[in-house]
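# Structural features, examined
Spelled out from the first residue to the last, the chains are:
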Amino acid sequence: MAIISCPRCAKKISDKSQTCQHCQLDLTGMSAEKKHNLAVQSLDKKIQGALNQSMLALILFLAGFCFLYFWALEPDGYETIVSQGMIAAGFLWYIYARARLIYLKRKN
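Here's what I pulled together on the structure shown here. (Residues numbered from 1 in each chain as written. Predicted model: local features only at pLDDT ≥ 70, side-chain atom pairs only at ≥ 80, totals over all residues. Heavy atoms only, no water.)

## Notes on helix α2 (residues 78-107)
The line we're drawing: For helices the rule is a DSSP run of H or I covering at least 4 residues; for strands it is a run of E covering at least 2, with both sets numbered from the N terminus onward. Expected span, for any helix, means 1.5 Å times one less than how many residues it has. Think of it in three bands: residues with accessible area under 20% of the maximum for their type are buried, residues over 50% are exposed, and the middle band is partly exposed, with areas taken using a 1.4 Å probe on protein chains only. We call two residues contacting when some pair of their heavy atoms lies within 4.5 Å.
Relative to the 44 Å expected for 30 residues at 1.5 Å per residue, α2 spans 43 Å between its end C-alpha atoms, a close match to the ideal helical length. Regarding α2, the residues found buried are Thr-80, Ser-83, Ile-87, Gly-90, Ala-97, Leu-101 and Leu-104. The inward-facing, buried residues of α2 abut α1 (32-70).

Now the structure itself:
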């Protein structure tokens, strides 16, 4: 008995099991080509999610930047702190999303 990855959820399952206990995918009679196509679709979905997250993070960063530098804000006001927080959160989220994207593409 060997341990394999589920084609849909990529969690570890037995090669003798009929269904995945995590996502309930029926593995009986599934060809190797169908399993490969499911695995590729799952990876593409994860990559698309990482791309969407990086775009949202970039929008958050740019919104904070525009809010801080194009409006006349008080230096010690809460709007300044909020915009600086948006810049920091957007930047860190963008770095995380891009690193995750690189990891997913190398995993392919």
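Still more to cover.
## Digging into the nonpolar core
How we decide: As used in this record, nonpolar core signifies buried Ala, Val, Leu, Ile, Met, Phe, Trp, Tyr and Cys residues forming a set joined through side-chain atoms within 4.5 Å.
Membership of the largest hydrophobic core is limited to 8 residues, which are Cys-6, Ile-13, Cys-20, Cys-23, Leu-25, Leu-27, Met-30 and Leu-38. Excluding residues that lie within four positions of it along the chain, Cys-20 makes contacts with Cys-6, Cys-9, Ile-13, Leu-25 and Leu-27. In terms of nonpolar packing, the next biggest core, distinct from the first, is built from 5 residues, Leu-43, Ile-47, Leu-101 and Leu-104 among them.

## With respect to unusual backbone geometry
Located in the positive-phi region is Gln-24, a residue other than glycine, with phi close to 65°. Looking at the secondary structure, you find Gln-24 in the loop between β2 (12-14) and α1.

## As for the environment of Asp-44
Looking at the secondary structure, you find Asp-44 in helix α1. For Asp-44, a relative accessible area of 44% corresponds to the partly exposed category. Sequence-wise, Asp-44 and Leu-104 are 60 residues apart; in three dimensions their C-alpha atoms are separated by 9.1 Å.

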